[in-house]
Amino acid sequence: MQFGDLELTPLFDGYLRLDGGAMFGTVPKPLWQKRAPADDKNRITLAMRPLLVRSAAGLMLIDAGIGDKMDEKSTTIYGIDRSRNLDHALADAGLTADSIQLVLASHLHFDHAGGFTTRDADGTIRPRFRHARYVARTAEWEDATHPHERNRASYLPENFVPLKTAGVLEFAADDGPITHGVRVVRTGGHTMHHQIVMIESGSRTAVFTADLIPTTAHIDEPWIMGYDLYPMDTLAFKRTFLREAIDREYLIFFEHDPAIVAGYIREKDGRKYVEPVTV
Ligand SMILES: [Zn+2]
């Protein structure tokens, strides 16, 4: 879709399934299952949708899905279905992995950074986007490379350490511009240094909310993932952000929603809802 002087293309790296209870934290199942039906293992289906931003500065990808390195056990546990994946989505956009010039990470969990690297036939893991530089937030990198018991399963070194080794990883320490029309804002909450991406052209703003608002089912303030390390920080940021998103009519890209790619958050009689936008 054309967005001022930018072009935004939501891509797709398949589906995964995560425990519904974990996805909705303290929300009781009778409430969340109306929005996201569970399978026989209590899992709900989530999409992985990296966002492609084309500007005068070049082609940028925000997050890259889960990639192709997950082993069979994890593929089963997480119900990963990549029968349609990022390679297909890039081809549909007339591109290949080699077209991408810049890759930006919202954070370094495996369902966002898994696609940053790929395993060659000889087993070597290398940057998947061979002509790209990658940008991660400094403190998120520190956390990802010094995991503890609570976040270790989400940070798989093979997804990001080879980028550093290959010399293609750059760091952004603070909130601010990344490239033409694109800036990052730290939310905290999900991880201490999780960030969202604000995309601005003229007077319009689009936001890639990553795991702050992973699906349209999460637009109510207390619908916060059990995965979040600092849920009260999520709540504080989300409260302010939602007000802003409604008042200023931000176009929201929902990275994990299985059906709705993007839309506007509206409020009527105190109830929030999403007006989907076809992109
Ligand atoms: Zn995620």
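Before going into details, it helps to say that this report is about the structure given with it. (Residues numbered from 1 in each chain as written. Predicted model: local features only at pLDDT ≥ 70, side-chain atom pairs only at ≥ 80, totals over all residues. Heavy atoms only, no water.)

### Details of unusual backbone geometry
What counts, and what does not: Residue exposure (1.4 Å probe, protein chains only): buried if accessible area is under 20% of the type maximum, exposed if over 50%, otherwise partly exposed.
Even without glycine at this site, Asn-42 takes up a positive phi of about 70°. Under the relative-accessibility criterion, Asn-42 is labelled partly exposed at 23%.

### What about the pattern of salt bridges?
Which entries qualify depends on this criterion: The working definition used for a salt bridge is a side-chain nitrogen of Lys or Arg within 4 Å of a carboxyl oxygen of Asp or Glu. Secondary structure elements are taken from DSSP: a helix is a run of H or I of four residues or more, a strand is a run of E of two residues or more, and numbering for both begins at the N terminus.
Scanning all chains against the criterion turns up 20 salt bridges. Note that Arg-84 and Asp-92 form a salt bridge whose closest N and O atoms lie 2.9 Å from each other. Here Asp-92 falls in the exposed class, since its relative accessible area comes to 60%. Across the pair Arg-128 and Asp-87 runs a salt bridge, and its minimum N-O distance is 3.2 Å. Linking Arg-128 in the loop between β9 (125–127) and β10 (133–137) with Asp-87 in helix α4 (residues 86–92), this pair joins segments that are 41 residues apart in sequence. Classification of Arg-128 by relative accessible area gives buried; the value is 9%.

### Some details on helix α6 (residues 138–145)
Spelled out, the test is: What the arc covers is the set of directions going from the helix axis to the C-beta atoms. Whether two residues are in contact is decided by their heavy atoms: any pair within 4.5 Å suffices.
Within the span of α6, buried status applies to Glu-140, Trp-141 and Ala-144. Each buried residue of α6 lies within a common arc of 100° when the element is viewed along its axis, so the set occupies one face. Its buried side turned inward, α6 meets β10, α7 (161–165) and β11 (169–172).

### Regarding the coordination of the zinc ion
Short version of the rule: Any nitrogen, oxygen or sulfur atom within 2.8 Å of a metal ion counts as a donor, with the limit raised to 3.2 Å for Na, K and Ca, and since water is left out, coordination shells can look unfinished.
Around the zinc ion, the protein supplies Asp-111 (OD), His-112 (NE2), Asp-211 (OD), Asp-211 (OD) and His-256 (NE2) as donor atoms, at distances of 1.9 to 2.7 Å. Written as a sequence motif, the donor arrangement for the zinc ion is D-H-x98-D-x44-H. Of this pair, His-112 sits in helix α5 (residues 110–113) while His-256 sits in the loop between β16 (251–253) and β17 (262–268), and the two are 144 residues apart along the sequence. As far as the burial class goes, His-112 and His-256 line up, both buried.

### Observations regarding the sheet that holds β11
What counts is decided by this rule: The rule for pairing is simple: two strands pair if DSSP sees at least two bridges between them. Note on method: axes are straight lines fitted to C-alpha atoms, helices fitted across the in-contact stretch only, with angles between N-to-C directions ranging 0 to 180 degrees.
Ordered by their spatial adjacency, 7 strands build an open sheet running β1-β2-β5-β6-β7-β10-β11, and the pairing between neighbours is mixed. Where the open sheet ends on each side, the last strands, each with one partner, are β1 (2–3) and β11. Two strands pair when backbone bridges link them, and strand β6 (residues 58–62) and strand β7 (residues 102–104) are joined in this way by 3 bridges, in the parallel orientation. From the neighbouring strand, Ile-62 faces β7, where its bridge partner is Leu-104. Running at roughly 85° to β10, α6 makes contact with β10 and β11 of the sheet.

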